[in-house]
Each structure stands twice: as C-alpha cells, then as structure tokens.
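What follows is each chain in one-letter form.
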Amino acid sequence: MDLVLHLADDYLLDKVWARLLPLNNHLDLPSYAHLSTSANFTSIAYLSESAWPRDYIPRQIISLSVITLIGIHCLYFLFAWLSYRFIFNHDMMRHPRFLENQVKQEILCSLQAFPTMTILTLPWFQAEVMGYSKLYDSVEDYGWVYFGLSVPFFLFCTDYGIYWIHRLLHHPTIYKTFHKPHHKWIIPTPFASHAFHPVDGYLQSVPYHFFIFVFPLHRWLYLGLFVFVNFWTILIHDSDMVTGHALEKVINGPAHHTLHHLYFTVNYGQYFTWADRVGGSYRQPESSLDPMLEIKKQS
C-alpha cells in the first residue's frame, strides 16, 4: 500500500491536500515542486504547498482510508461483475437454497463490511508506509531466482495461514457470530466473495499483511499479488462444479469451495488442497455432488 499511496500523492493527493490545508506561509516558499523523501521513496512532490506533509501520520491515515475504500470497491465490483456476467451459471439461481434477492443481499453485506475492514487493516498499511515491512524495490537486491520463488512461497504460506484461521472461524464458540453470516450463501455468486462479517474478512486477510513483515517481497510483485488475491477470492465463489481436470487434487478451485459452502466443514484452503489433506478436512469434488443436479430434478 505504500507504493499506491506514493503514486497517489505524486499524481493527485499532494494537490488535494494543498487545496484542503494550504500552508499558511506559502508565500515564503517556492511554488514549484521540490525533492521529497519518505521512509520508502524519494520523489518529486508538492509537499511545500500543504500544511500536512506526506510524512504527517494523520494525513497518511486519511489518505490510506480513502484509497483502500475506493480500491476495494473497484476490485470487488469489477471482478465480481465480470465473473457473474461471463463465468457464473445463472441457472444456479433456480436452486431451492438460493435466497430471494440474494445478489442484492450479497452486495449490501459486502458494502457494509468494507468500512470496518478498512479500519481494522489500517495499522498494517500504516506500518508498511512507515517502512517497517520487508518490501524492496530492486530485483537485484535478492536476485531473479528469489523473485520467482517468492510467488509460490507467498501463496503456500498465506494459504496455510488462512486454512487455520478459516478452520478456527468454524469453531462453535465463534462461528455463529463471525463466520455464519458468510455461510448464509449456500449457493454463492461471485458477489458473495466479500459478503461476510468484517472481523471474519479481516482475520482471513491477516496472513497477507503478516507475510511482508517477515519475508522480503518485491513491492510491485506484492501489489500484483494483492490484486490476484481479490480476483481468486471472487473466482472461487462462482458455484462452478467442473470436475475431472488435471490440477483438481492440487488446486483448491471453485468446485472445492462450492463443496465448502454446501457442507461447511470441508475444504478450508484458499489456493491449494494440501492443508486440507494434512488436516483431514479434504473432500474431493465429484460430479455427483454438483448442486446443478438438484435443479435438474425440479425441471
């Protein structure tokens, strides 16, 4: 997020903050841009025009909040709509367990969750902006081999963390409060991907934030992975039960997650099936388990 904030300051927010909170003694300062440094970047910025410079924490928190809210809304509606329009089988909406006005309910639930999730996530983003993470800029710092291997390493580590957090959320003492709202959607659509209790959504995002404070990761690569994470989360909620493909026993895809929504206590993983196999919670997708069969019975 430090990269996104840096770019936003360069191209927009410096001017916005200068207009909202202009520096009182601006007449004594040059009106042109000057060199500015921060914890992670050196750049040309208009810091002299605002009473709140880039490294002023209240400004950073407000900017991060706005950027995060805009970003998650854009990612959610873009990817969810594309998946809903081109991948999701709309015949699933005739399933007896598909709720009335479910898509509208999923969207409203997501929109209600975003603000609280943003507040809960801000400390991670703020620490990142202040330079406490292990994000780096130059591939040469760790080499191309590490750069390439860091992608599967990131996915495996975060997948394992999410597996245990997700499984913990199914514990009877906290399930009803925090995770049951997401299981309201027995036959989910892509819009259900972010439709959960905000604490649930935040907890399942913690491994992504924690990773970069423990392991080095290229800054641009992390941004790309962050987008991919949201895309994948939406993709696995399309209720697809395509089975028999080569990677079915390795990748935790839409069919696996469809079974999780149908049977609750199986396939907790996010990307891979190995954690479920080790944890004894794996269930193999089979064509006989396809919820479409129940729709066909009614036809």
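Anything mentioned here points back to the structure above.
Reference entry: report on the structure contained in this document. Note that the coordinates shown come from a computational prediction; the quantities given were computed from them, not determined experimentally.

Its location among the elements puts Ser205 in helix α6 (residues 198–211). Within polar-contact distance, the side chain of Ser205 engages the backbone oxygen of Tyr202 at 2.6 Å.

To continue, consider a nonpolar patch on the surface. A cluster of nonpolar side chains, Tyr11, Leu12, Val16, Leu20 and Leu21, forms an exposed patch at the surface whose accessible area comes to about 510 Å². Tracing the backbone shows Tyr11 in helix α1 (residues 2–20). Tyr11 sits in the exposed class, given a relative accessible area of 67%.

What follows concerns the side chain of His218. Within the element layout of this structure, His218 appears in strand β4 (residues 217–218). For His218, a relative accessible area of 7% corresponds to the buried category. In terms of polar contacts, His218 uses its side chain to reach the backbone carbonyl oxygen of Asp137, at 2.7 Å. In contact with His218, not counting residues within four places along its chain, are Leu135, Tyr136, Asp137, Ser138, Val139 and Phe147.

This brings us to the pattern of salt bridges. For the structure on display, the rule yields 8 salt bridges. Where Asp2 meets Arg219, a salt bridge forms, and the shortest distance between an N and an O atom there is 2.9 Å. Of this pair, Asp2 sits in helix α1 while Arg219 sits in helix α7 (residues 219–235), placing them 217 residues apart in sequence. Overall, the relative accessible area of 3% leaves Asp2 in the buried class. Between Asp9 and Arg59 there is a salt bridge, with the nearest N and O atoms lying 3.0 Å from each other. In this pair, Asp9 is assigned in helix α1 and Arg59 in helix α2 (residues 57–86), connecting sequence segments 50 residues apart. For the pair formed by Asp9 and Arg59, the shared burial category is buried. The network of salt bridges with common partners includes Asp9, Asp10, Asp14, Arg54 and Arg59.

Now for the nonpolar core. Ranked by internal contacts, the top residues of the largest apolar core, which has 24 residues, are Tyr76, Met92, Val103, Phe191 and Leu259. Mapped by element, the contributors of at least two residues to this core are α2, α3 (102–129), α8 (254–263) and α10 (292–298). Looking at this core element by element, the count peaks at 6 residues for α2. Here Tyr76 is in contact with Trp81, Glu106, Ile107, Ser110, Phe114, Phe191, Ser193, His194 and Ile234, once residues within four sequence places are set aside. In this structure, Leu135, Leu155, Ile212 and Leu221 belong to the second largest nonpolar core, which totals 17 residues.

Of note, Trp185 is situated in the loop between α5 (172–179) and α6. Among the residues examined, Trp185 registers a relative accessible area of 2% and is labelled buried. Sequence spacing of Trp185 and Phe196 is 11 residues, and the spatial spacing of their C-alpha atoms is 9.8 Å. Beyond its immediate chain neighbours, meaning those up to four positions away, Trp185 contacts Leu99, Gln102, Gln105, Glu106, Cys109, Ala192, Ala195 and His261. In this structure the side chain of Trp185 is engaged in a polar contact, spanning 3.1 Å, whose partner is the backbone oxygen of Ala195.

Let us look at α8. Of all 10 residues that make up α8, 9 are buried, and the element is covered over most of its length. For α8, the set of buried residues is Pro254, Ala255, His256, His257, Thr258, Leu259, His260, His261 and Leu262. Against the buried residues of α8 lie α4 (143–169), α5 and α7. Phi turns positive, to about 75°, at Phe264, one or two residues after α8.

As a further point, take the packing of aromatic side chains. The final tally for this structure, using the stated rule, is 31 aromatic pairs. Centre to centre, the rings of Phe154 and Tyr222 are 6.4 Å apart; their planes meet at 80°, and the pair counts as edge-to-face. Here Phe154 is found in helix α4, whereas its partner Tyr222 is found in helix α7, with 68 residues between them in sequence. A relative accessible area of 3% means that Tyr222 is categorised as buried. Each residue in the set Phe156, Tyr160, Tyr163, Trp164, Phe228, Trp232, Tyr268, Tyr271, Phe272 and Trp274 is aromatic and connected to the rest through ring pairs, giving one cluster. The side chain of Arg85 reaches across the aromatic face of Phe86, ending 5.0 Å from its centre.

Quick notes on the rules
Residues numbered from 1 in each chain as written. Predicted model: local features only at pLDDT ≥ 70, side-chain atom pairs only at ≥ 80, totals over all residues. Heavy atoms only, no water. Helix = DSSP H or I, 4+ residues; strand = E, 2+ residues; numbered from the N terminus. Polar contact = N/O pair within 3.5 Å; in protein donor to acceptor, adjacent residues only side chain to side chain. Patch = residues over 30% accessible without salt bridge, like charges linked within 9 Å, V, L, I, M, F, W, Y side chains within 5 Å. Areas by Shrake-Rupley, 256 points an atom, 1.4 Å probe, with all protein chains shown as cover. Salt bridge = Lys/Arg side-chain N within 4 Å of Asp/Glu carboxyl O. Buried < 20%, exposed > 50% of the residue type's maximum accessible area, 1.4 Å probe, protein only. Contact = heavy atoms within 4.5 Å. Core = buried A, V, L, I, M, F, W, Y, C linked by side-chain atoms within 4.5 Å. Phe/Tyr/Trp six-rings, centres within 6.5 Å; stacked < 30°, edge-to-face > 60°. Lys NZ or Arg CZ within 6 Å of the ring centre and 35° of its normal.

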